[in-house]
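Residue-level structural notes
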2 protein chains.
Amino acid sequence: MNYSSRVKDLKTSPIRKLLPFSIEAKAKGKKIYHLNIGQPDIKTPESFFTSIANAKQEVLAYSNSQGDPDLIQATIDYYKTYNMEFEKDEILITNGGSEALLFALISTCDPGDNVIIPEPFYSSYTGFGSIVNIEVSPVTTKAENGFRLPTKEEMAKSINKKTKAIVISNPGNPTGVIYTKEEIQTLAELAVEHDLFIISDEVYREFVYDGEYTNFNDIEEVKDRVIIVDSISKRYSACGARIGSVASKNKELMALMLKLCQGRLCAPTLEQIGATELYKTPSSYFEKVNAEYKRRRDVLYNGLKDIDGVICHKPAGAFYTIAKLPIESAEDFVIFMLKEFELDGETVMMAPAEGFYSTPGMGKDEVRLAYVLNEEDLKKALKILKAGLEKYKSIKNSQK
Amino acid sequence: MNYSSRVKDLKTSPIRKLLPFSIEAKAKGKKIYHLNIGQPDIKTPESFFTSIANAKQEVLAYSNSQGDPDLIQATIDYYKTYNMEFEKDEILITNGGSEALLFALISTCDPGDNVIIPEPFYSSYTGFGSIVNIEVSPVTTKAENGFRLPTKEEMAKSINKKTKAIVISNPGNPTGVIYTKEEIQTLAELAVEHDLFIISDEVYREFVYDGEYTNFNDIEEVKDRVIIVDSISKRYSACGARIGSVASKNKELMALMLKLCQGRLCAPTLEQIGATELYKTPSSYFEKVNAEYKRRRDVLYNGLKDIDGVICHKPAGAFYTIAKLPIESAEDFVIFMLKEFELDGETVMMAPAEGFYSTPGMGKDEVRLAYVLNEEDLKKALKILKAGLEKYKSIKNSQK
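The name given to chain A in an unreviewed UniProt entry is Aminotransferase, and the organism recorded there is Ilyobacter polytropus. Annotation of chain A in UniProt includes, under Cofactor (unreviewed entry), the sentence "pyridoxal 5'-phosphate". The UniProt entry for chain A carries the following comment under Sequence similarities (unreviewed entry): "Belongs to the class-I pyridoxal-phosphate-dependent aminotransferase family."

Below, the structure written as structure tokens:
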């Protein structure tokens, strides 16, 4: 049968690729600590569920294509707390951050165009790119220097005539990097000089432990070029709601993107009601959640430092880090941990980082770790990882 | 700014294009009977809301990318009632029928490929096609002969080397046509002879008033080629849930399409819980709903027949019909109805049918009417339409 090349060539998500091995391990009774996926264990604020339960409607009708007006207003109010000013026609509600990203890519790039992205990056960027025939031109950043951006001149080398946008994640998945004011300024200049859009995925905006989140909003020259991709998934631990948004001061772009929203009719009605309430959550919620993640970050970082040969920077935001392991193939090691290793009936699953790079050969010895488990579980997971790594190395050495 | 051509060239939905005129009319205090949009007024079964209210979870987590296993099982059980046998890996849950259609198109066509579709067709088919750079090669059907399919030879003229699939809606939106056993057989033969997939949008499967719904499932030779696009939106009057599905006996295709599902993570978690309950709704629900729609269909059809110069076939299924009006421009007429006409402070909104055709010039004098209003409102709407048409014709005649 003639399936399309774009779907045949689509890579399996590195986060979900090794799922069959974890299913098999669980079937054998092993307990798995999942460091591979960014599914937080934090409770979703109660208001989400109660507002939906109370909103009982007789007919579950389509909502507006642009989004529920109440949710749009709540989103505007939320952005105000970051000094980001948006008007009603500058916000679109989407099916998760995923659809927001897809719409941003489709609106800025035709087939054969490309976007530059600092690698390692969230693997769905290439996934969405390839199904709509957009290529990724990577700007490589490295574990050894904390995944900081290269100079403007260095980044410009990845730009060609077909480059239409810069895509970034800030705070960064999978690196945990928060871009400095200077880095944001550099990206803005790059966009102006090369006539590019900036697609800024800021779904981890609240998750800042060191340093400070900087937005593009204060840089006047770039206002028309910035497209904010957002989501309530991580912010309020509501991944299953699938409510995201696009925000841009470029009204012309938003009018074009609204046509994409109209094509798929609307985002889910009830979940938008819940999301509206979530945006009214008091800021004390974030203080508590952040303190929790900061403790977890510290547990993970200190634990990794304690393992021989592991190279790892201290992540400043989001809830991931990339660690370089003293082995050749992280994928082989992750499979080993699932298939062959256990400590008191337990093991650890991580995401091999190769899938977060688009330069061939990069990230083979790296893993992405999500610190979405409580401290006690994280400590156990680190103990297992350390023991597993020793065992794996000794097996590999004996095979030499 | 350099927006993509695919978004600049994207046509506005004919269903929503004239929305600004209706907003203006409402602001002036006019009541509008909406025959332009397929938003049913039928109550959503109570079980949808209660199951969601009772399913209170602590963490609203991602659901499976393929779909909630309970919903997949409920979908399988539902298909069994139509003698359509599917296994667990032959179903994917999507963000509405919209995403199901998008995934089916992406999986079968690369940019520059095309699909053949009997026109008039649901306008989102071209919308989704154009954002992923798939062209539509239309097979024209006509109001005068009840929108029946042409012969196989005639249809084959629309096929070329780049044609990858046949897309149909059965029962049909916007025509209300239900394909006969012979027509389904002809489409199956066409697919085999020209190596095409069949993307069959069957979201109106329950809405059959005359004749009988036929599925492709009994035609062995075509099993691997059929992709069923489905949705709970109309079936259970749950348009706002955004729960759809793809079903196909082609496991290889479904494995490829699962990668698309993984890319966007999952469909909304709570709405899947509600959808699972909806699929358990007793068949007596459909009997009542169908009897209601059949009465409405009769009211609309008889009313239209009663208007001088209107050409309209009796729709056998779904809840739409296309009517040819004795005027030159349906769009101009619909704008007239919203801006200039009223009967006791009320008017009617319809969808100009030109946007449901891809052959230039077709459908200019036609409108799509959705019979989603109760009988009394439908009768009023028809009275207003009749009076508006007379008034419009007399103005046009006086201008000659």
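1. Some thoughts on the overall build of chain A
Summing up its helical and strand segments, chain A has 13 helices and 13 strands in all. By its C-alpha atoms, chain A is 65 × 55 × 55 Å across when sized along the principal axes. Here chain A holds 400 residues, and 64% of them are scored as buried. Of the contacts made within chain A by residues no fewer than 6 positions apart, 78% connect residues no fewer than 24 positions apart. Carbon together with sulfur atoms contributes 49% to the accessible area of chain A, which is approximately 14900 Å² in total. Placing the 51 positive and 57 negative side-chain charges of chain A at their respective mean positions leaves the two points 4 Å apart.

2. Side note on the domain arrangement of chain A
The parts lose accessible area when they come together, and the size of an interface is often stated as this lost area. All names here are of chain A. When cut into domains, chain A gives domain 1 (5-43 + 284-399) and domain 2 (46-278). Here the C-alpha centre of domain 2 lies 26 Å away from the C-alpha centre of domain 1. Residue-level contacts link 37 residues of domain 1 with 38 residues of domain 2. A buried area of about 3000 Å², summed over both sides, lies between domain 1 and domain 2, and 59% of it is on carbon and sulfur atoms. Here domain 1 and domain 2 share two salt bridges between them. The closest approach of N and O atoms between Arg 297 and Asp 210, which form a salt bridge, is 2.7 Å. Where domain 1 packs against domain 2, one counts 19 residue pairs in polar contact (both at pLDDT 80 or more). The set of elements that each furnish at least two residues to the side of domain 1 that touches domain 2 consists of helix 11 (284-305), strand 10 (320-324) and strand 13 (366-370). Residue contributions to the side of domain 1 that touches domain 2 peak at seven residues, all from helix 11.

3. Here's the deal with the packing of helix 2 (residues 19-27) of chain B against helix 12 (residues 330-339) of chain B
All names here are of chain B. One can describe the packing of helix 2 onto helix 12 by two numbers: an axis separation of 9 Å at closest approach and a directional angle of 20°. Considering the angle they form, helix 2 stands roughly parallel to helix 12. The handedness of the crossing between helix 2 and helix 12 is left-handed. Contacts between helix 2 and helix 12 involve Phe 21, Ser 22, Glu 24 and Ala 25 on the former and, on the latter, Ile 335, Leu 338 and Lys 339. Residue composition of the contact of helix 2 with helix 12, by class: four nonpolar, one polar and two charged.

4. What to know about the pairing of strand 6 (residues 197-201) of chain A
Residues and elements named next belong to chain A. For strand 6, the tally of buried residues reaches five of five residues, placing the bulk of the element in the interior. Covered by surrounding structure in strand 6 are Phe 197, Ile 199 and Asp 201 together with Ile 198 and Ser 200, the residues of both alternating faces. Pairing of strand 5 (residues 163-169) with strand 6 involves five bridges; the strand directions are parallel. Looking at strand 6, one finds that Ile 166 is bridged to Ile 198. As a crossover connection, the stretch from strand 5 through helix 8 (residues 181-193) into strand 6 is right-handed. Relative to strand 7 (residues 226-231), strand 6 runs parallel, the two sharing four bridges. Residue pairing for strand 7: Ile 198 is matched across the bridge by Val 226.

5. With respect to the packing of helix 10 (residues 269-278) of chain A against helix 10 (residues 269-278) of chain B
Packed helices, taken two at a time, are described by the angle their axes make and the gap between the axes. Remark: helix 10 of chain A packs on helix 10 of chain B, axes separated minimally by 8 Å, with the N-to-C direction vectors making an angle of 140°. Judged by the inter-axis angle, helix 10 of chain A sits oblique to helix 10 of chain B. Both helix 10 of chain A and helix 10 of chain B take part in a crossing whose hand is right-handed. Between helix 10 of chain A and helix 10 of chain B, the contacting residues are Thr269(A), Leu270(A) and Glu271(A) on the first element and Thr269(B), Leu270(B) and Glu271(B) on the second. Taken together, the residues of the contact of helix 10 of chain A with helix 10 of chain B break down into two nonpolar, two polar and two charged.

6. Regarding the UniProt feature "domain: Aminotransferase class I/classII large" (unreviewed entry) in chain A
Within this structure's numbering, the places UniProt gives as "domain: Aminotransferase class I/classII large" (unreviewed entry) are residues 32-383 of chain A. The span residues 32-383 of chain A is 35% helical and 17% strand by assignment, and the distance between its end C-alpha atoms comes to 13 Å.

7. Observations regarding the side chain of Lys152(B)
Residues and elements named next belong to chain B. Looking at where Lys 152 falls in the secondary structure, it is placed in helix 7 (residues 152-156). In terms of polar contacts, Lys 152 uses its side chain to reach the side chain of Glu 189, at 2.9 Å. With residues up to four places along the chain from it excluded, the contact list for Lys 152 reads Thr 186, Glu 189, Leu 190 and Glu 193.

8. Section: the interface of chain B and chain A
Tallying the contact residues gives 75 residues for chain B and 75 residues for chain A. Roughly 6500 Å² of surface becomes buried between chain B and chain A when both sides are summed, with 58% attributable to carbon and sulfur atoms. Of all residues in chain B, Tyr3(B), Leu60(B) and Tyr62(B) bury the most surface against chain A, accounting for 11% of the area lost on that side. Applying the counting rule to chain B against chain A returns two salt bridges. Close ionic contact of Glu58(A) with Lys43(B) constitutes a salt bridge, the shortest N to O distance being 3.6 Å. Our count for the contact surface shared by chain B and chain A stands at 45 residue pairs in polar contact (both at pLDDT 80 or more). Going through the elements one at a time, helix 1 (5-8), helix 3 (46-54), helix 5 (96-108), helix 6 (124-131), helix 9 (251-263) and helix 10 of chain B are the ones with two or more residues in the side of chain B that touches chain A. Top contributing element to the side of chain B that touches chain A by residue count: helix 9 of chain B, with seven residues.

9. Quick word on the packing of aromatic side chains
All names here are of chain A. Per the counting criterion, the structure on display carries 50 aromatic pairs over all chains. Ring geometry for Tyr 204 versus Phe 319: centroids 5.2 Å apart, planes at 90°, classification edge-to-face. Residue Tyr 204 is found in the loop between strand 6 and strand 7, and its partner Phe 319 is found in the loop between strand 9 (311-312) and strand 10; the two are separated by 115 residues along the sequence. The burial state of Tyr 204 is the same as that of Phe 319; both residues are buried.

10. Comments concerning the relation of the copies chain B and chain A
Superposing chain B onto chain A takes a rotation of 180° plus a shift of 0.0 Å along the axis, which leaves an RMSD of 0.0 Å. Overall, the copies show the geometry of a two-fold rotation axis. Residues of chain B ranked by C-alpha distance from the rotation axis are headed by Ala53(B), positioned 2.4 Å from it. When you check the interface residues of chain B against chain A, 100% turn up at the interface there too, and the contact is symmetric in its surfaces.

Conventions we followed
- Residues numbered from 1 in each chain as written.
- Chains lettered and ligands numbered in written order.
- Predicted model: local features only at pLDDT ≥ 70, side-chain atom pairs only at ≥ 80, totals over all residues.
- Heavy atoms only, no water.
- UniProt positions renumbered as here; feature names shortened; annotations may be inferred.
- Helix = DSSP H or I, 4+ residues; strand = E, 2+ residues; numbered from the N terminus.
- Buried < 20%, exposed > 50% of the residue type's maximum accessible area, 1.4 Å probe, protein only.
- Contact = heavy atoms within 4.5 Å.
- Areas by Shrake-Rupley, 256 points an atom, 1.4 Å probe, with all protein chains shown as cover.
- Lys, Arg positive; Asp, Glu negative; His and termini not counted.
- Charge placed at Lys NZ, Arg CZ, Asp CG, Glu CD.
- Domains from an automatic or database assignment.
- Buried area = accessible area lost by both parts, 1.4 Å probe.
- Salt bridge = Lys/Arg side-chain N within 4 Å of Asp/Glu carboxyl O.
- Polar contact = N/O pair within 3.5 Å; in protein donor to acceptor, adjacent residues only side chain to side chain.
- Axes fitted to C-alpha atoms, helices over the stretch in contact; angles between N-to-C directions.
- Parallel < 35°, antiparallel > 145°, perpendicular 65-115°, else oblique.
- Left-handed = near helix turned anticlockwise from the far one by under 90°.
- Nonpolar A, V, L, I, M, F, W, Y, C, P; charged D, E, K, R; others polar.
- Pairing = 2+ DSSP bridges.
- Right-handed = clockwise from strand over helix to strand, strands pointing away.
- Phe/Tyr/Trp six-rings, centres within 6.5 Å; stacked < 30°, edge-to-face > 60°.
- Least-squares fit on C-alpha atoms with pLDDT ≥ 70 in both.

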